[in-house]
Amino acid sequence: MTPNALPRRLTSTIIIALAFGVPAWAKTPVASGTGGAVATISEPASQAALAILNKGGNAVDAAVAAAAALGVTDPFSCGIGGGGFMVIYLAKENRVITLDHREVAPASFRSSAFAPDGKAMDFETAVASGMAVGVPGTVRGWHDALDRYGTMSFRQVLAPAIKAAQDGFKVNDNFVALVKENEQKFALFPETAGRYMRDGKALPAGTLLRNPDLAKTYRLLSTGGVKAFYSGKLAQAIVDSVNRPPVAAGVSVRAGQMSLADLANYEARWRQPVRSTYRGYELVGMPLPSSGGVTIAEALNILEGFDLKSMPREKAEHLYLEAARLAFADRNAYLADPEYVDAPVEGLLSKDYAARRRELIDPTQAHYYAQPGDPYLFQQDPSVPLRPAGAAKARLLSESAHTTHLAVSDKDGNIVAYTFTIESWGGSGITVPGYGFILNNEMTDFDFTGPHPNVPEAGKRPRSSMSPTIAFRNGKPAFTIGSPGGSTIVTTVLQTIFNHIDLGMDMPAALDAPRISERNGRATSIEPGFAGSAQAQALERFGQRWDAAAEEIGAANAIVFHPDGSVTAVSEGRRHGTGSALVQKRGH
Ligand code: GLU
């Protein structure tokens, strides 16, 4: 089957549940049609985007509307207390631009922030603190995206989210499970515990949850614009929450040192995307400070030298794991905020460098631990950057689906791939009192100890893994994809592209297939149900080995663009509950 051969249903908005040769309980939300399309992990968010598209908004307007609604229904994975990365394709100009609105470290931040006595502090202690909070970038990002490429105002695009926050929604099992996972952290902060827990326990599934505080905050943005977030009372409330975290009696957490100037000075950045090619596709992804685009490109460049189609599936998957391992060794060693570190991106993206890395792969035996390579030899740029002195091993924490990714396209062919986050599930745990949103813990994405390019510094953006990606073929959009999941984001996007292009799966099957994530750690991360499967056993014959702690990996969303102009939106059928894929009805 060719990668673009997806089921077409040129009907009105439909959500169909299909089984794609995978377990019977897997139901993949898929919608096809000829108008604008949206895929998110939340029905109200997809509906918000659709409503904006139906009102004549473009993909940027609809993406912000969906994101704001996700801030209501998925407050533990995203929201205005965090930051993100947006990849925008402008059809008329046939151009891609990316918007980095990653959180930055406050001006007071020091490299010893998470290692006060030279030793890295306990991760969970670091997370639930004012110090973990970076200056939030989301509202600035939404504003800049709308201002430059949107057609609507905050007032228009925030309206569906305000209604969702005001009217409330019934919490589902997934929501409850996330609160349960975070009971300890949330209990530290009464404003958070009071909203999501009762008597120290998660609210039961089915509870109608309203968030009038967040509705009020969104209204504030509707009338006051971006300034209402980065100055005035709301900015003061953020600073107070970071510097004197509103904790329960008898609790103490580390305070941060954020100033009103940190908020007032926050800037998003328009950046040129990372471009690479793979078997006739052009892939366009997120540049640094996200490691996503570069790492995916390097892994695919390595894989491109193998004739994967002629191999048994397990051999191709073995090579996928090995390519990811090598690319991650480089990512872990070299990548960080480009405004602070001269990373050897050109070398890492070079096909010649990939050929050198490919020589290290044994097609019959797993490598276990890869050393970073020497991309500096492949830098053409005469200003050869300095090599970093140290390359700490990556902290490979348990990585679940925290963060969220959404994909939107409009009838004119514009596309937005948008991943945004508050970092861990429930971020720092600190809700800004009276404003209804949780502050991020993005500063813990820095490496806690150095020397390493990704150590904390004032004004720096911590390295990310977020990988919103758009693929083109013959100069036209072919598909867009992205996912949450910390560093597994990179492998989820990589594996889905590999499944789709190399294994010939259609996008629903590519998305649904079991995820295996190799990040040059001790063992490859797997999902529940994978260990012991025939697929796992076949890979074990290559020496591949699995992490004992199986966990759901990612929660991807995609849109496929067919050569005849129709589109298919695809969301998750089971990970993080069930996603939502919608396409505009005819007539809009
Ligand atoms: N903080 C992560 C990153 O920027 C995303 C959060 C997550 O998915 O774990 O890569």
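See the structure above.
Residues numbered from 1 in each chain as written. Predicted model: local features only at pLDDT ≥ 70, side-chain atom pairs only at ≥ 80, totals over all residues. Heavy atoms only, no water.

Caption draft 1: The pattern of salt bridges, seen in detail. One pass over the full model with this rule turns up 29 salt bridges. Note that Arg 269 is salt-bridged to Glu 267, the shortest N-O span being 2.9 Å. On the basis of relative accessible area, Arg 269 is assigned to the partly exposed category, the value being 24%. Looking at Glu 267, the relative accessible area reads 47%, which means it is partly exposed. Between Arg 357 and Asp 330 there is a salt bridge, with the nearest N and O atoms lying 3.2 Å from each other. Residue Arg 357 is located in helix H16 (residues 351-358), and its partner Asp 330 is located in helix H14 (residues 313-334); the two are separated by 27 residues in the primary sequence. Asp 330 matches Arg 357 in its accessibility class, with the two residues each being buried. (Salt bridge = Lys/Arg side-chain N within 4 Å of Asp/Glu carboxyl O. Buried < 20%, exposed > 50% of the residue type's maximum accessible area, 1.4 Å probe, protein only. Helix = DSSP H or I, 4+ residues; strand = E, 2+ residues; numbered from the N terminus.)

Caption draft 2: Up close: the packing of helix H2 (residues 59-73) against helix H4 (residues 138-149). Running from N to C, H2 and H4 point in directions that differ by 160°, and their axes come no closer than 9 Å. By the angle between their directions, the pair H2 and H4 is classed as roughly antiparallel. The crossing of H2 and H4 is left-handed. For the pair H2 and H4, the contacting residues are Val 60, Asp 61, Val 64, Ala 67 and Ala 68 in the first and Trp 142, Ala 145, Leu 146 and Tyr 149 in the second. Within the contact of H2 with H4, the residues separate by chemical class into eight nonpolar, no polar and one charged. (Axes fitted to C-alpha atoms, helices over the stretch in contact; angles between N-to-C directions. Parallel < 35°, antiparallel > 145°, perpendicular 65-115°, else oblique. Left-handed = near helix turned anticlockwise from the far one by under 90°. Contact = heavy atoms within 4.5 Å. Nonpolar A, V, L, I, M, F, W, Y, C, P; charged D, E, K, R; others polar.)

Caption draft 3: Structural context of the packing of helix H13 (residues 292-304) against helix H17 (residues 488-501). Packing of H13 against H17 leaves a shortest axis separation of 10 Å and a crossing angle of 40°. Here H13 is positioned oblique relative to H17, judged by the angle of their axes. As for the relative orientation of H13 and H17, their crossing is right-handed in sense. Between H13 and H17, the residues in contact are Gly 292, Thr 295, Ile 296, Ala 299, Leu 300 and Leu 303 and Val 490, Val 493, Leu 494, Ile 497 and Phe 498, respectively. In terms of residue class, the contact of H13 with H17 is built from nine nonpolar, two polar and no charged.

Caption draft 4: A look at the nonpolar core. Core analysis: the biggest nonpolar cluster contains 93 residues, and Trp 142, Tyr 218, Phe 229, Ile 238 and Phe 437 have the highest contact counts within it. With 12 residues, the single largest contributor to this core is H2. In contact with Phe 437, not counting residues within four places along its chain, are Ile 80, Gly 81, Leu 214, Thr 217, Phe 229, Leu 234, Ile 238, Ile 430, Thr 431 and Val 432. Formed by 73 residues, the second largest nonpolar core is a distinct cluster that contains Leu 303, Leu 494, Ile 501 and Ala 510. (Core = buried A, V, L, I, M, F, W, Y, C linked by side-chain atoms within 4.5 Å.)

Caption draft 5: Quick peek at unusual backbone geometry. The linkage connecting Leu 288 with the following residue, Pro 289, adopts the cis geometry, with an omega of 15°. Tracing the chain through its elements places Pro 289 in the loop between strand E11 (281-285) and H13. Omega for the peptide link from Gly 450 to Pro 451 comes to 0°, which places this bond in the cis form. If you trace the backbone, Pro 451 turns up in the loop between strand E13 (415-421) and strand E14 (469-473). One non-glycine residue with positive phi stands out, namely Arg 279, at about 45°. Looking at the secondary structure, you find Arg 279 in the loop between strand E10 (274-278) and E11. Given a relative accessible area of 26%, Arg 279 falls into the partly exposed group. Non-glycine residue Thr 403 carries a positive phi angle of around 90°. Position of Thr 403 among the secondary structure elements: in the loop between H16 and strand E12 (404-409). We classify Thr 403 as buried; its relative accessible area is 7%.

Caption draft 6: Molecular detail of the sheet that holds E14. The strand order E1-E17-E16-E15-E14-E11-E10 describes an open sheet built from seven strands, whose pairing is antiparallel. On the outer flanks of this sheet lie strand E1 (30-33) and E10, each paired with one strand and no other. Across the sheet, the mean angle separating the axes of adjacent strands is 20° when strand polarity is ignored. Pairing between E10 and E11: five bridges, direction antiparallel. Bridge pairing links Tyr 278 to Tyr 281 in E11. (Pairing = 2+ DSSP bridges.)

Caption draft 7: Region of the structure containing the site of the ligand. In the neighbourhood of the ligand, 13 residues make up the surrounding shell, with His 402, Thr 403, Glu 442, Asp 445 and Gly 486 lying closest. In this structure, Ser 464 approaches the ligand through a side-chain N or O atom, which is 2.8 Å from an oxygen atom. (Near = heavy atom within 4 Å. Polar contact = N/O pair within 3.5 Å; in protein donor to acceptor, adjacent residues only side chain to side chain.)

Any functional reading would require information beyond the geometric quantities listed.
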